[in-house]
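# Structural overview
Listed here are the chains, written in short residue letters.
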Amino acid sequence: MNAQRPPPDFPTDEPLELMEGHLADPSLWTPQVARRLAQAEEIGLNPLHWQVLWWLRRIFEEQGLPPRKKVLIQWFADHYDLTHREAHQRLTTLFPKGLLLQAGRIAGLPQGFLSCI
């Protein structure tokens, strides 16, 4: 997937077109859009959230599919020198309404890909 980013002056105050909580057009994703999606999910994004969101987007762009949950947990554990259990607990705290589903929505990944995880 070669995601094209909208220009920096893309209006972020326009209503977002969503399909079951996911961007109807994932190519419109920007960090500003992510903040709006996170706000709708009642999440205040911190640097750990952003690390996960950017990693999910990179993996999706490279592979065309989101990673499996265990791959995300292993990456997070390795990246932050945590045990698997600690990484899972931390990620579940960051995204309490479904680790990959909630993070995927905020990262702007297409809805169809996340429904099969």
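Worth saying up front: this structure is predicted, and the values here are computed from it rather than measured. (Residues numbered from 1 in each chain as written. Predicted model: local features only at pLDDT ≥ 70, side-chain atom pairs only at ≥ 80, totals over all residues. Heavy atoms only, no water.)

### Looking at the overall build of the protein
Along its length, the protein carries six helices and two strands. Secondary structure elements in the protein, listed N-terminal to C-terminal, are β-β-α-α-α-α-α-α. Expressed as a percentage of its 117 residues, the buried residues of the protein come to 39%. Of all intrachain contacts in the protein linking residues separated by at least 6 positions in sequence, the fraction that spans at least 24 positions is 55%. For the protein, the accessible surface area stands at approximately 7,000 Å², while carbon and sulfur atoms represent 51% of it. (Helix = DSSP H or I, 4+ residues; strand = E, 2+ residues; numbered from the N terminus. Buried < 20%, exposed > 50% of the residue type's maximum accessible area, 1.4 Å probe, protein only. Contact = heavy atoms within 4.5 Å. Areas by Shrake-Rupley, 256 points an atom, 1.4 Å probe, with all protein chains shown as cover.)

### Describing helix 4 (residues 84–94)
Looking only at helix 4, the buried set comprises Ala87, Leu91 and Leu94. Projection of helix 4 onto a plane perpendicular to its axis shows the buried side chains occupying an angular sector of 55°, all on one side. Away from its buried face, by an angle of more than 90 degrees, helix 4 presents the exposed residues Arg85 and Thr93. Looking at the buried side of helix 4, the elements it contacts are helix 2 (47–63), helix 3 (69–80) and helix 5 (99–106). (Arc of directions from axis to C-beta.)

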